[in-house]
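In case you want the letters, here they are:
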Amino acid sequence: MANPSSRPAATSFYDVVSRRLHWGMAVLILAAFALGLTVDVFPKSWEHAVVETHKAIGIAILLLLLIRFGWRLSHRAPAPLESSAVLALAARAGHVFLYVLMLLVPVIGLVYAIRRGQGIDFGLFALPPFQAPEARAITRPIREWHEWAAYALIGLACLHALAALWHHLVRKDDTLRRMLPDASQRPL
């Protein structure tokens, strides 16, 4: 446990909206990744539903990311706890790359779906295809970019989680606690 005198003030915790967006997007990213990896495991009769769910989650991630950008523009993040300039730069670069990948993965996925001539079925309503399907040879590289970007996003998210755990378990600071759900109500 961190020394009580070294604990951050309550204002150094992320606000409730930022925390909910963070964890909500984390869950959606993991769900989309899991569906993308396991689509072939499901019975063939489920394939359409799994793919459409994967696409709907991707659009939700994209929308939440835009909301997150808007929220961050109007609500300042708390000051970083990192005292080392090198670690602060690494954390900043990691966050920038996470945001870039959170944007790229669904955008590339949408480009792939559009180029394949696929609509998006949300259950209650559907968006029709925007164009006729392209040949598989043309769309295959787009699918591969989507997959590689998704792997990069998951890999970087794992490093992000490991860094938070390192702060919590080794450095014993409040970096992780600042983003936990209802963190500001937890006893310090």
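Reading guide: rules and limits
Residues numbered from 1 in each chain as written. Predicted model: local features only at pLDDT ≥ 70, side-chain atom pairs only at ≥ 80, totals over all residues. Heavy atoms only, no water. Helix = DSSP H or I, 4+ residues; strand = E, 2+ residues; numbered from the N terminus. Buried < 20%, exposed > 50% of the residue type's maximum accessible area, 1.4 Å probe, protein only. Contact = heavy atoms within 4.5 Å. Expected span 1.5 Å × (residues − 1).

Caption draft 1: Summary view of the overall build of the chain. A count of helices and strands for the chain gives 4 helices and 2 strands. Element order for the chain, N to C, with α for helix and β for strand: α-α-α-β-β-α. By the burial criterion, 31% of the 188 residues in the chain qualify as buried. Taking as baseline every contact in the chain between residues at least 6 positions apart, the subset at least 24 positions apart corresponds to 75%.

Caption draft 2: Examining helix α3 (residues 85-115) more closely. Across its 31 residues, α3 extends 44 Å between first and last C-alpha, which sits within 8% of the 45 Å expected from 1.5 Å per residue. Taken residue by residue, α3 has G94, L98, L101, M102, V105, P106, I108, G109, Y112 and A113 as its buried positions. The inward-facing, buried residues of α3 abut α1 (16-38), α2 (47-74) and α4 (136-171). Directly after α3, the chain includes G117, whose backbone phi takes a positive value near 75 degrees.

Caption draft 3: Just the environment of W71, in detail. Looking at the secondary structure, you find W71 in helix α2. The spatial distance from the C-alpha of W71 to the C-alpha of L21 is 9.6 Å, given a sequence separation of 50 residues. Leaving out residues up to four positions away in the same chain, W71 has contacts with D15, V17, S18 and L21.

Caption draft 4: Up close: the side chain of S12. Note on placement: S12 falls in the segment before α1. Ignoring anything within four residues of it in the chain, the contact list for S12 reads P78 and R178.

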